[in-house]
Structures are given as C-alpha cells and as structure tokens.
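Structural description and commentary
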Amino acid sequence: MKKILKILSVPLALAGLGALVWLENRRPLRRAVESKPVRSGRNLAVAAVAALALQIFEKPVAAHLTKIVERSDLGLLKIVRLPKWFETILAVVLMDYTLYLWHVLTHKVPFLWRFHLVHHVDLDLDASTAVRFHFGELVISVLWRSAQILVIGVSPSSFAAWQFFLFPSILFHHSNLRLPRELEKMLQNFIVTPRLHGIHHSIIQKETDSNWSSGLTVWDRIHGTFRNDAGQEEIVIGVPAYQNPQEVVLTKILRQPFEKQKNDWLLPEADPSQNQLK
Ligand SMILES: [Zn+2]
C-alpha cells in the first residue's frame, strides 16, 4: 500500500496542480497584472532553485532529525505514549502553529524579510506564487524546521503527514480561484482560502500584517490577526516599492536579498510624509 502511494504521489500531485491551474483560469478571482506565461516561467525558475535547496539542505536534515526523535523519544509528543494516529494529528497541528510563528518572524525580522520579500513582490497571486520562494529563505528555514522537529518530537511518518497536508494547502490558498462565496466562508472556519491569503499579499501593510496561517485559520483567530473584510476587487497584490514590473524580473529578484533594501512600504517617488500605505 505504502509503495503504491509512493508511486502514485507524483502523478497525483501533478494532476491536482493541473486541475487547480485549469480551474483558476476558468474562474479567476483577481485580474492579472502581468502576462501569465512570463510570470509562470519566472516563478517556476525561482521554484526550481528552491526545490534544489530543499533537496540538498532540508530533506537530509529533516530525515536525520526525525529518525533521532523516533529512536530516542525526544520532544513534547514523546513525553507520554500516545496512540500513533493521535500523535500524528497533534504533530501536524503543532507544526502548523509553529509555521504560523515562523511566517510572522519572516515579516518582522528585517534579515528574514529580505528573503521572504521575494515571495511578496509577485505582482499577481496564483498557484505559481505558492512555489516561488527565494532559495535563501528555504535554507535559513532549515534551522527553524530542525527546532520544530526536535521540540515537538516529530517522527518520520508525522513529518510526511504534515508535508502531505501543507503542500496542497499552500497551492490552494495562493491560487487565483474564485470559489462561491458561501463555500469559501464555510471553509474559512477551518482552513486558509484564496480570498484570505489574497489579503496577506496586499500592498497595504496593515492588510499584509494579517492572515499569517498556512493551514488552519485558528492561529490567526487566536492571535487576533484574522481578516476577511477586504474586497478582492480593490486589493492590489505586491509590495509598494516594487510595483514596476521591471523591478521584479528574474535576475533582480534572485539578487534582491543581498542588495541595499528599499523602504518597501512606500510607493516609488512618493512623499514619505503623505503616501505611506497604512
Ligand atoms: Zn508572507
């Protein structure tokens, strides 16, 4: 069974991604700013470097640490012996919560924001944005991931279960899919939806400073950072200082974290005293 799932996982993931891309083209939520083929090509190029970084850095570290957790009964979830299914659910929930905390840090710690900014300067938001992370962000996040595994006590199977939950969730909430309002409202009680995550990618800083969850919406609700009140038609996606498409071409965004940073939340040539988007 495990072997069949392993063989089927790649075609299933590709079929799911294909269906999502087809659906978001049929029922778009927001109007596109840039040409879709150009943007998708750029995002997939950034994603290819990121995937390589994950393979080289995160995968071996996570595999090693989750095995240590299993062998030595390390971490919170190993203090008491829980039924396997229950331990897996708790691990996924706690990984999801600590990913919420990491997401807040990537916005609030200037050094981390340099890298996470590359994800946010995309001028549109769709399934291709979901995989567009600067390789530097993914390499740095290995430290956080290691702490998550060791402190929570995440076994290899729980880690696989978390990834199985996270990847479709990230693709879904970044997508430009217009769901029926009532359905989306019902889903928002539990999981992050495209309209919610669109608010997090707004050029208005106080909207970006909301909806940090990557899976369950409960974390935003607990911390008072849940927002579902912004009209999707009015949302401008991106970061104010990077609204010019010439600023977000592939060669520039790969170098961006290593260069002098702009005042991100000001529109270019704006009067700083008047035009800050707050
Ligand atoms: Zn973010």
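Description of the structure in this document.

About the criteria used
- Residues numbered from 1 in each chain as written.
- Predicted model: local features only at pLDDT ≥ 70, side-chain atom pairs only at ≥ 80, totals over all residues.
- Heavy atoms only, no water.
- Helix = DSSP H or I, 4+ residues; strand = E, 2+ residues; numbered from the N terminus.
- Rg over C-alpha atoms; globule rule 2.2 N^0.38 Å.
- Buried < 20%, exposed > 50% of the residue type's maximum accessible area, 1.4 Å probe, protein only.
- Phe/Tyr/Trp six-rings, centres within 6.5 Å; stacked < 30°, edge-to-face > 60°.
- Donors = N, O, S within 2.8 Å, 3.2 Å for Na, K, Ca; no water.
- Core = buried A, V, L, I, M, F, W, Y, C linked by side-chain atoms within 4.5 Å.
- Contact = heavy atoms within 4.5 Å.
- Polar contact = N/O pair within 3.5 Å; in protein donor to acceptor, adjacent residues only side chain to side chain.
- Axes fitted to C-alpha atoms, helices over the stretch in contact; angles between N-to-C directions.
- Parallel < 35°, antiparallel > 145°, perpendicular 65-115°, else oblique.
- Left-handed = near helix turned anticlockwise from the far one by under 90°.

The next point concerns the overall build of the protein chain. Looking only at helices and strands, the protein chain features eleven helices and zero strands. Ordered by position from the N terminus, the helices and strands of the protein chain form the series α-α-α-α-α-α-α-α-α-α-α. Here the C-alpha radius of gyration of the protein chain, 19 Å, is about what a compact globule of 278 residues would show, namely 19 Å. Principal-axis analysis of the C-alpha atoms places the extent of the protein chain at approximately 60 × 40 × 35 Å. By residue count, 46% of the 278 residues in the protein chain fall in the buried class.

On to the packing of aromatic side chains, then. The full count for this structure, using the stated rule, is eight aromatic pairs. Aromatic pair Phe111 and Phe115: ring centres 5.4 Å apart, planes at 70°, arrangement edge-to-face. Here Phe115 and Phe111 lie together in helix 4 (residues 110-120), a separation of four residues that amounts to about one turn. The structure contains a cluster of three or more aromatic residues connected by ring pairs, namely Tyr97, Tyr100 and Trp219.

Here Asp73, not a glycine, exhibits a phi torsion of approximately 50°, which is positive. The topology assignment puts Asp73 in the loop between helix 2 (36-72) and helix 3 (84-108). Assessed through its relative accessible area of 37%, Asp73 is described here as partly exposed. Positioned with a positive phi, Asn211 is a non-glycine residue whose angle comes to about 50°. Structurally, the position occupied by Asn211 is in the loop between helix 9 (205-208) and helix 10 (218-223). Here Asn211 falls in the buried class, since its relative accessible area comes to 2%.

This brings us to the coordination of the zinc ion. On the protein side, the zinc ion has His103 (NE2), His107 (NE2), His116 (NE2), His120 (NE2) and His200 (NE2) as donor atoms, found 2.2 to 2.3 Å from it. As a motif over one chain, the donors of the zinc ion read H-x3-H-x8-H-x3-H-x79-H. His116 matches His107 in its accessibility class, with the two residues each being buried.

Okay, the environment of Phe86 next. Mapping Phe86 onto the fold places it in helix 3. On the basis of relative accessible area, Phe86 is assigned to the partly exposed category, the value being 32%. C-alpha of Phe86 to C-alpha of Gly231: the two residues are 145 residues apart in sequence and 39 Å apart in space.

This part covers the nonpolar core. Burial of nonpolar side chains together is a common tendency in soluble globular proteins. Grouped together as the largest cluster of nonpolar side chains are 25 residues, with contacts concentrated most on Met95, Ile149, Val154, Phe159 and Trp162. Elements with a minimum of two residues in this core: helix 2, helix 3, helix 5 (135-152) and helix 6 (156-174). Ignoring sequence-local partners within four residues, the contact set of Val154 consists of Thr66, Val69, Met95, Gln148, Ile149 and Phe159. The next biggest cluster of nonpolar side chains, apart from the first, holds twelve residues, and it includes Val118, Val121, Val239 and Tyr242.

Another point: the side chain of Thr208. Topologically, Thr208 is positioned in helix 9. Relative accessible area serves as the criterion here: at 0%, Thr208 is assigned to the buried category. In this structure the side chain of Thr208 is engaged in a polar contact, spanning 2.6 Å, whose partner is the backbone oxygen of Ser202. Discounting residues that sit within four places of it in the chain, Thr208 has contacts with His107, His120, Ile199, His200, Ser202 and Trp265.

Between helix 3 and helix 6, the least distance of the axes is 9 Å, while the angle of their chain directions is 55°. Looking at the two axes, helix 3 sits oblique to helix 6. For the element pair helix 3 and helix 6, the recorded crossing hand is right-handed. Within the contact between the two elements, helix 3 uses Lys84, Glu87, Thr88, Ala91, Val92, Met95, Asp96 and Leu99 and helix 6 uses Ser157, Ser158, Phe159, Ala161, Trp162, Phe165 and Leu166.

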